[in-house]
Amino acid sequence: MLNVFTLANGRLFQEEIESAAALAHVQPVWVDLESPTPEEKGWLAGRFGLHIPENIVDDDLEESARFYEEDNGELHIRSDFLIHDEATRNVRVAFILHDKVLFSVHAEDLPVFRLLRLRARRTPALIEDAKDVLLKLYDADAEYSADSLEGIYDELEKVSSRVLQSEVNDQTAAEVLAAIARQEDLNGRIRRNVMDTRRAVSFMMRSRLLNAEQFEEARQILRDIDSLDSHTAFLFDKINFLMDAIVGFININQNKIIKLFSVASVALLPPTLIASIYGMNFKAMPELDWSLGYPFALALMLASVIAPFWYFRRTGWL
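All chains use their own residue numbering, which begins from 1 and follows the written sequence. Given that the model is predicted, a residue must reach a pLDDT of at least 70 before its local features are reported, and side-chain atom pairs must reach 80 or more before they are shown or counted; all residues, however, enter totals for whole chains, interfaces and linings. To obtain the side-chain values, all non-hydrogen atoms of the structure were used and water was disregarded.

(A) How the structure looks around the overall build of the protein chain. Scanning the protein chain from terminus to terminus reveals eight helices and seven strands. For 318 residues, the compact-globule formula gives about 20 Å, and the C-alpha radius of gyration of the protein chain, at 35 Å, lies well above that figure. Only protein chains enter the accessibility calculation, which uses a 1.4 Å probe. A residue is then buried if its area is under 20% of the maximum for its type, exposed if over 50%, and partly exposed in between. Evaluated residue by residue, the protein chain yields a buried proportion of 42% over its 318 residues. Sequence-distant contacts, at least 24 apart, represent 65% of the contacts inside the protein chain between residues at least 6 apart. Lys and Arg are tallied as positive, Asp and Glu as negative. Neither His nor the chain termini are counted. Every charge is mapped onto a representative atom, which is NZ of Lys, CZ of Arg, CG of Asp or CD of Glu. Mean positive and mean negative side-chain charge positions of the protein chain (33 and 50 charges, respectively) differ by 5 Å. Numbering of helices and strands runs from the N terminus, with a helix taken as a DSSP run of H or I at least four residues long and a strand as a DSSP run of E at least two residues long. For the radius of gyration, the atoms used are the C-alpha atoms, and the globule rule reads 2.2 Å times the number of residues raised to 0.38. Only heavy atoms enter the contact rule, under which two residues are in contact if any of them lie within 4.5 Å.

(B) The arrangement of the pairing of strand E7 (residues 101-106) in detail. Of all six residues making up E7, six are buried, and the element is well covered by its neighbours. Alternating positions in E7 separate into two faces, Val101, Phe103 and Val105 on one and Leu102, Ser104 and His106 on the other, with burial throughout. Two strands make a pair as long as DSSP finds a minimum of two bridges between them. Inspection of the sheet shows strand E6 (residues 89-98) paired to E7 by five bridges, in the antiparallel sense. Residue pairing for E7: Phe95 is matched across the bridge by Ser104.

(C) Spotlight on the packing of aromatic side chains. Note on aromatic contacts: the rings of Phe and Tyr and the six-membered ring of Trp form a pair at centre separations within 6.5 Å, being stacked when their planes are under 30 degrees apart, edge-to-face when over 60 apart, and tilted otherwise. As enumerated under the stated definition, the model contains 10 aromatic pairs in all. Through pairs of rings, three or more aromatic residues link up here, namely Phe5, Trp30, Phe81, Phe95, Phe113 and Tyr138.

(D) Structural context of the pattern of salt bridges. The salt bridge definition used is simple: a Lys or Arg side-chain nitrogen within 4 Å of an Asp or Glu carboxyl oxygen. If you walk through the whole model with that rule in mind, you get 17 salt bridges. Across the salt bridge formed by Glu108 and Arg89, the nearest N and O atoms sit 2.7 Å from each other. In this pair, Glu108 is assigned in the loop between E7 and helix H3 (111-122) and Arg89 in strand E6, connecting sequence segments 19 residues apart. Among the residues examined, Arg89 registers a relative accessible area of 25% and is labelled partly exposed. A salt bridge links Asp109 to Arg117; the nearest nitrogen and oxygen atoms lie 3.9 Å apart.

(E) Quick peek at the pairing of strand E2 (residues 11-15). The pairing of strand E1 (residues 2-8) with E2 spans five bridges and is classified as antiparallel. Residue pairing for E2: Thr6 is matched across the bridge by Phe13. As consecutive antiparallel partners, E1 and E2 are separated by two residues, and within that stretch Asn9 has a phi angle of approximately 55°, a positive value.

(F) Seen up close, a nonpolar patch on the surface. On the surface, Leu273, Ile277, Met280 and Phe282 cluster together into a nonpolar patch covering about 400 Å² of accessible area. Turning to its location among the elements, Ile277 is positioned in helix H7 (residues 269-278). The class of Ile277 is partly exposed, set by a relative accessible area of 36%. Patches here are clusters of residues that have more than 30% relative accessible area and form no salt bridge, with a 9 Å joining cutoff for like charges and a 5 Å cutoff for nonpolar side chains (Val, Leu, Ile, Met, Phe, Trp, Tyr). Surface exposure here means Shrake-Rupley accessible area, sampled with a 1.4 Å probe, where a residue is shielded only by the protein chains that are shown.

(G) Structural view of the nonpolar core. Residues belong to one nonpolar core when they are buried, are Ala, Val, Leu, Ile, Met, Phe, Trp, Tyr or Cys, and are joined through side-chain atoms within 4.5 Å. Grouped together as the largest cluster of nonpolar side chains are 59 residues, with contacts concentrated most on Trp30, Ile77, Phe95, Leu102, Phe113, Leu137 and Tyr138. The set of elements that each furnish at least two residues to this core consists of strand E5 (75-83), E6, H3, helix H4 (130-163), helix H5 (170-206) and helix H6 (212-267). When sequence neighbours within four positions are dropped, the list of residues in contact with Ile77 reads Arg66, Phe67, Val93, Ala94, Phe95, Leu134, Tyr138, Ala200, Phe203 and Met204. Counting 18 residues, the second largest nonpolar core, distinct from the first, contains Val4, Leu23, Phe48 and Ile56.

(H) Region of the structure containing the sheet that holds E7. Taken in spatial order, the seven strands line up as E2-E1-E3-E7-E6-E5-E4 in an open sheet, and their pairing is mixed. Lying at the two open borders of the sheet, with one neighbouring strand each, are E2 and strand E4 (67-69). The sheet shows a mean angle of 25° between the axes of neighbouring strands, direction not considered. Every angle, taken between N-to-C directions, lies between 0 and 180 degrees, and every axis is a line fitted to C-alpha atoms, over only the stretch in contact when it is a helix. Its contacts with the sheet put H4 on strand E3 (30-34), E5, E6 and E7, and the angle it makes with E5 is roughly 25°.

(I) Region of the structure containing the packing of H3 against H4. Remark: H3 packs on H4, axes separated minimally by 9 Å, with the N-to-C direction vectors making an angle of 120°. As the angle between them shows, H3 and H4 are arranged oblique. When the axes of H3 and H4 are compared, the crossing they make is right-handed. Contacts from Pro111, Val112, Phe113, Leu115, Leu116 and Arg119 in H3 reach Val133, Lys136, Leu137, Ala140, Asp141, Glu143 and Tyr144 in H4. These descriptions rest on fixed angle ranges, namely under 35 degrees for roughly parallel, over 145 for roughly antiparallel, 65 to 115 for roughly perpendicular, and the rest for oblique. The hand of a helix crossing depends on one turn: near helix anticlockwise from the far one by less than a right angle means left-handed, and clockwise means right-handed.

Following this line, the structure appears as C-alpha cells:
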C-alpha cells in the first residue's frame with residue numbers, strides 16, 4: 001500500500017495515488033509504504049530515483065546498518081515500533097530521508113503512524129518538513145509507550161489485589177503467574193522500543209541535519225524517554241515483587257500438603273506397630289486366646305491414630 005502525503009499550511013494531506021503518472025504530479029513530504037509491491041517500488045524508483053531493497057525491514061539486519069548516512073546526504077534509520085494488542089510485538093520500520101522527502105517502509109499498519117496522521121490533519125503548523133514528520137513519529141512513539149506503561153501499572157494493580165488476599169489457591173496462583181508473565185513481556189518490549197527510539201533520535205542529533213528548533217524537540221524526546229526508562233525499571237521491580245509473593249504463596253500451599261502427609265505418616269506409625277506385634281504369632285502371647293483380643297487390638301490401633309491427630313491439632317500444627 002502506497003500512502004503519499006503532501007504538506008499545506010503545516011498540515012498533512014493524503015493523496016490518492018494509483019499510478020506512476022499520478023505520483024509524478026505531486027510533491028510529497030512523506031511517502032509511507034506498507035508491504036509495498038514491486039510495482040509501487042518501481043514508481044518510486046522512476047519518480048525519485050530511490051531503490052528500496054527487499055530486505056530493508058529484516059529483523060536480522062546488522063546493527064551497523066541500522067543508522068547511517070550516505071555520501072549524497074541520504075539518511076537511513078531502522079527503528080522498532082510497538083503494537084500493543086492481543087499479540088503485542090515490535091515491528092521494524094525503515095526510514096529513508098531522501099531529497100527532502102521521508103520514506104517509511106513497514107509490514108504492518110502501526111498505531112503511532114495513524115496517530116500522527118490524525119494530529120497532522122487537525123493541527124495547523126505542526127509539521128514544516130520531512131524531518132519534522134520523523135521527529136513527530138518518534139514523539140508519538142514515546143507517548144504511545146507511556147500509555148502502554150500506564151496500562152501495565154493498572155493490570156499489576158489488579159494482580160496485586162489478588163495476590164495479597166487472604167487465601168491464594170493453586171488456580172489463582174496459576175492465573176496470576178500467567179498475568180505477571182504477560183505484563184513482564186510487554187514491559188520488556190516497551191523498554192526495547194524506547195531504547196531503540198533513543199538511539200535513533202541521538203543519531204539524528206549527531207547527523208547535523210536538524211535546525212535549532214528541531215534539535216530542541218529531539219532533546220525533549222530524549223528527556224521523555226529517560227522518564228520512561230525509570231518507569232519501566234519501577235515496573236520491573238513491582239513485577240519481581242509480585243512474582244516472589246505468588247511463588248511464596250505456592251511454597252506455603254505445598255508445605256501445607258507436605259505437612260499433612262507428614263502428620264499422616266506419623267499418626268499411622270503406632271497402629272502399624274501394634275499390628276506388627278500381634279502379627280508375630282508367638283505362643284506366649286495371652287491375647288491370642290482372649291475372646292476380646294481382636295476388638296481390643298482394633299480399638300487400640302484406632303486410639304493410637306486419633307491421639308496424634310488430637311495432639312497436633314491442639315498444638316496448632318494442623
